[in-house]
Structures are given as structure tokens and as C-alpha cells.
Amino acid sequence: MLTVIAKITAQAGKEEIAKQALLGLIPPTVAEEGCIDYVLHQSNEDARIFYFYENWESQAHLDKHLANTHLVEFGKTSGEFLAGPAELILATKL
């Protein structure tokens, strides 16, 4: 199992827009083959920071997810409300 922790930072003042856009990624993602879970968190210390905690059956499933239409479309508009690209941590469950 592959775990991904994605740190996503919203632009100041655009936290709610970012949150709604990120929440919109959940339904199509959890329906993807190989997605074990895909859970969004918001920092208690800085409302601009969000984390996705994801578990995938394999790297191949994650790669397919990253190329999926809903994620590609999100990437086209996310520059309007995100401070930059997501920071990803990949780890394998022991």
C-alpha cells in the first residue's frame, strides 16, 4: 500500500474557495480503482493549509489518479486560489 500526504496551501483570503474545490475532488477520486481512502484535512493553526491523506493500492493506481481528468481540470484552475503546487510525501506502509 502506498500512502500519500499532500500539503496544499491556499492563497490568503481564498481559503474557502480552495476548500470547496478540494472537497470537490473527493467523490470522483474515491470512486477510482485502487483508491483505499482520500481524506481532506485543514490545519488548526493556519486555515490556508490543507492536507490530503491518501492510500493507494499501488504506484500504478496513483499514477493513473494523477492523470485523471478531474485532477487535470483542477490543475488548470487551481492557480487562481492556491499559492503553488502541492507538496507530496510518498511512503510505503510497513
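Residues numbered from 1 in each chain as written. Predicted model: local features only at pLDDT ≥ 70, side-chain atom pairs only at ≥ 80, totals over all residues. Heavy atoms only, no water.

A few words now on the pairing of strand S3 (residues 49–56). Of all eight residues in S3, six are buried, a share of seventy percent or more. Relative to S3, strand S1 (residues 2–9) is paired through eight bridges, and the arrangement is antiparallel. Paired with Lys7 across the two strands is Tyr51, which belongs to S3. Pairing of strand S2 (residues 35–42) with S3 involves seven bridges; the strand directions are antiparallel. Considered in S3, the bridge of Leu40 is made with Phe52. Connecting S2 to the next strand, S3, in antiparallel fashion are six residues. (Buried < 20%, exposed > 50% of the residue type's maximum accessible area, 1.4 Å probe, protein only. Helix = DSSP H or I, 4+ residues; strand = E, 2+ residues; numbered from the N terminus. Pairing = 2+ DSSP bridges.)

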